[in-house]
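For reference, the chains in residue letters:
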Amino acid sequence: MNDRVTTARVIYLGGLGRSGTTLLERLLGEVPGVVALGEVTHLWERGVISEEPCGCGVAFPSCAFWRRIGERAFGGWTRPLAERILTLRRRVDRTRRIARIAHPDLAEYAQAHRRLYEAVDARVVIDSSKHASLACCLLESGMDLRIVHVVRDPRAVAHSWGRTVRRPEDGQPMTRWGPARTAVHWTAQNAAIELLSDRGGQVTRVRYEDLVAAPGPTLLELARTLGLEVPELPFVDGRTVWLGRSHTASGNPMRFRVGWVELRRDDSWRSGLPGRDRRVVDALTWPLRARYGYSGAVA
């Protein structure tokens, strides 16, 4: 008897980077029957081509988990396959195309993702690629998609993007943005995700601040909304959570953390973000900032 799953439900985490998507993905990945994949949009370049490590610490080509998925979905991972998907992404997967996502290459691009998700052989998979444009492509293809919109105070996000953070994969500094650029991207990406409801997407919003302050209640409410059967959360003890080994491809350095982790809200922006930068962010993120509950001096 073949029990292999042929239709996978995809939980897609959307939002701007540094908003808590990696943390939420790791926590949801602890729910039985749910498999977290990381940022699939970067898998082709960083995993297949650059051979960066999986979240388990093993180089992507040597990871048994990903090797099995590649064989099931495509007969194996190859550079020509990755380059083809990257070409399709440049043609189709663009934020500016959300209003009119139709494209001759859309079906091929979406089908590659569908084959990958279903090769995981799980009822529910998580893709934390963040980009609203990829979610739109998947919706347009008719995929069973649940979108979780992760938001964080844009002042905290701007402060985080301005920091120097080393990539654990190679020690190189991660991309840095100034406050104005971060604010523009924060507004554009969150506004784009808002549009997905009009495209038939089921969108649920989660605030980073709520997740860190009360991980148990926040996760249980989200799980019910997503249709996950979660009677209890043994991996959550107050504000301390257990993160098991994951097989996430690309993402925040937190994807390598294993063990009990105490969640602490990072409000270093209050003293670390200069007043002039804060005013720039405030101006460029209104009115979405107010919509998400970040209108006052204290979120």
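Residues numbered from 1 in each chain as written. Predicted model: local features only at pLDDT ≥ 70, side-chain atom pairs only at ≥ 80, totals over all residues. Heavy atoms only, no water.

Draft legend 1. Geometry of the nonpolar core. Ranked by internal contacts, the top residues of the largest apolar core, which has 48 residues, are Leu 37, Leu 43, Trp 44, Trp 66, Trp 77, Leu 116 and Tyr 117. Where this core is concerned, the elements lending two or more residues are strand E1 (9–14), helix H2 (40–49), helix H3 (64–74), helix H4 (79–92), helix H5 (106–119), helix H6 (132–140), strand E4 (145–151) and helix H8 (179–195). A per-element tally of this core places H6 first, with seven residues. Beyond its immediate stretch of four places on either side in the chain, Leu 116 contacts Leu 37, Val 40, Leu 43, Trp 44, Trp 66, Ile 69, Ala 73, Phe 74 and Trp 77. Grouped together as the second largest cluster of nonpolar side chains are 31 residues, Val 124, Leu 222, Leu 226 and Met 254 included. (Core = buried A, V, L, I, M, F, W, Y, C linked by side-chain atoms within 4.5 Å. Buried < 20%, exposed > 50% of the residue type's maximum accessible area, 1.4 Å probe, protein only. Helix = DSSP H or I, 4+ residues; strand = E, 2+ residues; numbered from the N terminus. Contact = heavy atoms within 4.5 Å.)

Draft legend 2. Structural context of unusual backbone geometry. For the bond running from Trp 286 to Pro 287, omega is 10°, close enough to zero to count as cis. Tracing the backbone shows Pro 287 in the loop between helix H12 (275–285) and helix H13 (288–291). Here the phi dihedral of Asp 121 falls at roughly 65°; this positive angle occurs in a residue that is not glycine. When you line up the elements, Asp 121 lands in the loop between H5 and strand E3 (124–130). Phi is positive for Ser 250, close to 65°, though the residue is something other than glycine.

Draft legend 3. Broad picture of empty space enclosed by the protein. Within the structure shown, the criterion is met by three cavities of 30 Å³ or more. Counted as a void, the largest cavity has a volume near 40 Å³. Every residue lining the largest cavity is listed: Arg 46, Gly 47, Glu 52, Pro 53, Cys 54, Phe 60, Ala 249, Ser 250 and Arg 255. Looking at the lining of the largest cavity, its residues break down into four nonpolar, two polar and three charged. (1 Å grid on protein atoms, 1.4 Å probe; cavity = no way out; pocket = protein on both sides within 12 Å on 5 of 7 lines; lining within 4 Å. Points joined across faces, edges and corners; volume = space filled by probe spheres on them. Nonpolar A, V, L, I, M, F, W, Y, C, P; charged D, E, K, R; others polar.)

Draft legend 4. Structural view of helix H10 (residues 215–226). The terminal C-alpha atoms of H10, which comprises twelve residues, lie 16 Å apart, in line with the 16 Å expected from a rise of 1.5 Å per residue. For H10, the full list of buried residues reads Pro 215, Gly 216, Thr 218, Leu 219, Leu 222, Ala 223 and Leu 226. The arc that holds every buried residue of H10, seen down its axis, measures 165°, which confines them to one face. Along H10, exposed side chains directed more than 90 degrees from the buried face belong to Pro 217, Glu 221 and Arg 224. Backbone geometry just after H10 places Gly 227 at a positive phi near 80°. (Expected span 1.5 Å × (residues − 1). Arc of directions from axis to C-beta.)

Draft legend 5. Here's a closer look at the side chain of Arg 26. Position of Arg 26 among the secondary structure elements: in helix H1 (residues 21–28). One buried charged side chain, Arg 26, makes no salt bridge at all; its nearest oppositely charged neighbour is Glu 30, positioned 5.1 Å away. One polar contact links the side chain of Arg 26 to the main-chain carbonyl oxygen of Met 254, over a distance of 2.7 Å. Dropping the residues within four chain positions of it, Arg 26 is found in contact with Leu 243, Gly 244, Ser 246, Met 254, Arg 255, Phe 256 and Arg 257. (Lys, Arg positive; Asp, Glu negative; His and termini not counted. Salt bridge = Lys/Arg side-chain N within 4 Å of Asp/Glu carboxyl O. Polar contact = N/O pair within 3.5 Å; in protein donor to acceptor, adjacent residues only side chain to side chain.)

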